Amino acid sequence: MSFGSHEPAAAPGPPHDVDVSRPSAARVYDHMLGGKDNFEVDREAARKILDVAPEMADVALENRRWLVRVVQYMIRQGIAQFIDLGSGLPTQDNVHEVAQRERPDARVVYVDRDPMVLSHARALLGSPDLTAYVHADIRDVAGVFESPEVGRLIDPSRPVGLLAVAVFHFVADEDDPAGLARRYFERLPGGSMVAISAWPSDDLSEDLRQRVRENFTNVPSPLHPRPRAKIAELFDGLKIVEPGLVSVSDWPTPGQAPPSPVRTFGGVARVPDTAAVDR
């Protein structure tokens with residue numbers, strides 16, 4: 001199931017502050033990507049989802065492949081510094097690996113609140129001169145941007161690539177996902193680019209909805225799939241680039257993967273050059 005050039009290192013055991021009694025979104029995703037940094041509770045949650053929608057494993061892989069294409073695209077658009085929100089566990093083709101293959105001086109700051117991500121990221125991220133990890137909840141926009149790591153690696157006068165890949169469907173309605181996205185945009189210099197993907201509710205069968213409710217309600221990061229129209233609202237105030245908000249397998253061109261009854265929608269947008277976002 002993996003698609004990188006190397007296998008992720010196996011974890012010797014969970015850090016002392018990792019709850020292994022409930023599934024973790026990051027660890028379930030890691031399992032679907034073929035990783036080893038997950039536990040039986042995560043594999044069981046994944047099995048219950050895959051029993052109903054076996055194509056979800058392919059969806060996870062396509063979402064990761066989309067991230068790779070997006071980073072390559074942004075690098076070719078002149079972006080050389082990235083903030084990866086809700087980055088998840090390090091796996092194959094991490095953002096800094098993809099970016100630095102084309103721009104050896106590219107800088108990447110990863111952001112996640114999962115303590116297991118913290119443990120693995122610090123061991124696997126490579127050069128501290130070019131990569132860093134912020135242990136923070138993405139809802140704390142000020143905490144992310146005012147962290148020492150962002151202050152050290154991200155030049156606020158130059159365009160930034162902001163990545164929110166498969167993360168906003170973990171933000172509850174009461175936390176105002178569109179407003180949260182806008183608060184990030186307001187911190188970005190003109191010319192920056194934003195990539196967002198999220199799992200839509202439009203295509204979900206009732207059986208799959210029930211499995212999602214059973215496995216991802218009483219967890220640290222409950223899942224909140226939304227209609228495609230609500231995902232589009234996350235880009236309000238930005239100019240989305242072609243082909244717009246589409247299935248990630250069809251970005252940047254149709255036919256990257258066979259059609260699937262379960263899809264993730266993604267898009268890339270540019271922050272206006274004249275000002276960050278009109279307030």
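Whatever comes next refers back to the structure up there.
Quantities reported herein were computed from a predicted structural model and do not represent experimental measurements. (Residues numbered from 1 in each chain as written. Predicted model: local features only at pLDDT ≥ 70, side-chain atom pairs only at ≥ 80, totals over all residues. Heavy atoms only, no water.)

**Regarding helix H8 (residues 177-185)**
- Burial in H8 covers these residues: Pro 177, Gly 179, Leu 180, Ala 181, Tyr 184 and Phe 185.
- Of the surrounding elements, those touching the buried residues of H8 are strand E1 (81-85), helix H6 (141-145), strand E4 (161-165) and strand E5 (193-198). (Buried < 20%, exposed > 50% of the residue type's maximum accessible area, 1.4 Å probe, protein only. Helix = DSSP H or I, 4+ residues; strand = E, 2+ residues; numbered from the N terminus. Contact = heavy atoms within 4.5 Å.)

**A look at the environment of Val 109**
- You can see Val 109 is positioned in strand E2 (residues 107-112).
- Exposure remark for Val 109: the relative accessible area of 0% places this residue in the buried category.
- A sequence separation of 26 residues divides Val 109 from Ile 83, and the C-alpha atoms of the two residues are 4.9 Å apart.
- Setting aside its immediate chain neighbours within four residues, Val 109 contacts Phe 82, Ile 83, Asp 84, Ala 132, Val 134, Glu 149, Val 150, Leu 153 and Ile 154.

**Considerations on the side chain of Asp 84**
- Here Asp 84 shows up in strand E1.
- One buried charge, Asp 84, has no salt-bridge partner; the nearest side chain with opposite charge is Arg 64, at 5.9 Å.
- Setting aside its immediate chain neighbours within four residues, Asp 84 contacts Val 95, Val 109, Tyr 110, Val 111 and Leu 163. (Lys, Arg positive; Asp, Glu negative; His and termini not counted. Salt bridge = Lys/Arg side-chain N within 4 Å of Asp/Glu carboxyl O.)

**As for the environment of Pro 128**
- By secondary structure assignment, the location of Pro 128 is in the loop between helix H5 (115-124) and strand E3 (131-135).
- Leaving out residues up to four positions away in the same chain, Pro 128 has contacts with Arg 152 and Leu 153.

**Section: the pairing of E2**
- For E2, the buried fraction is high: five of the six residues fall into the buried class.
- Pairing between E1 and E2: five bridges, direction parallel. Bridge pairing links Gln 81 to Arg 107 in E2. (Pairing = 2+ DSSP bridges.)

**Some details on the pattern of salt bridges**
- Overall, the coordinates contain 11 salt bridges when judged by the stated rule.
- Residue Asp 137 is joined to Arg 113 by a salt bridge in which the shortest nitrogen-to-oxygen separation is 2.9 Å. Taken together, the residues span a long stretch of sequence, with Asp 137 in the loop between E3 and H6 and Arg 113 in the loop between E2 and H5 at a distance of 24 residues.
- Here Asp 137 falls in the partly exposed class, since its relative accessible area comes to 21%.

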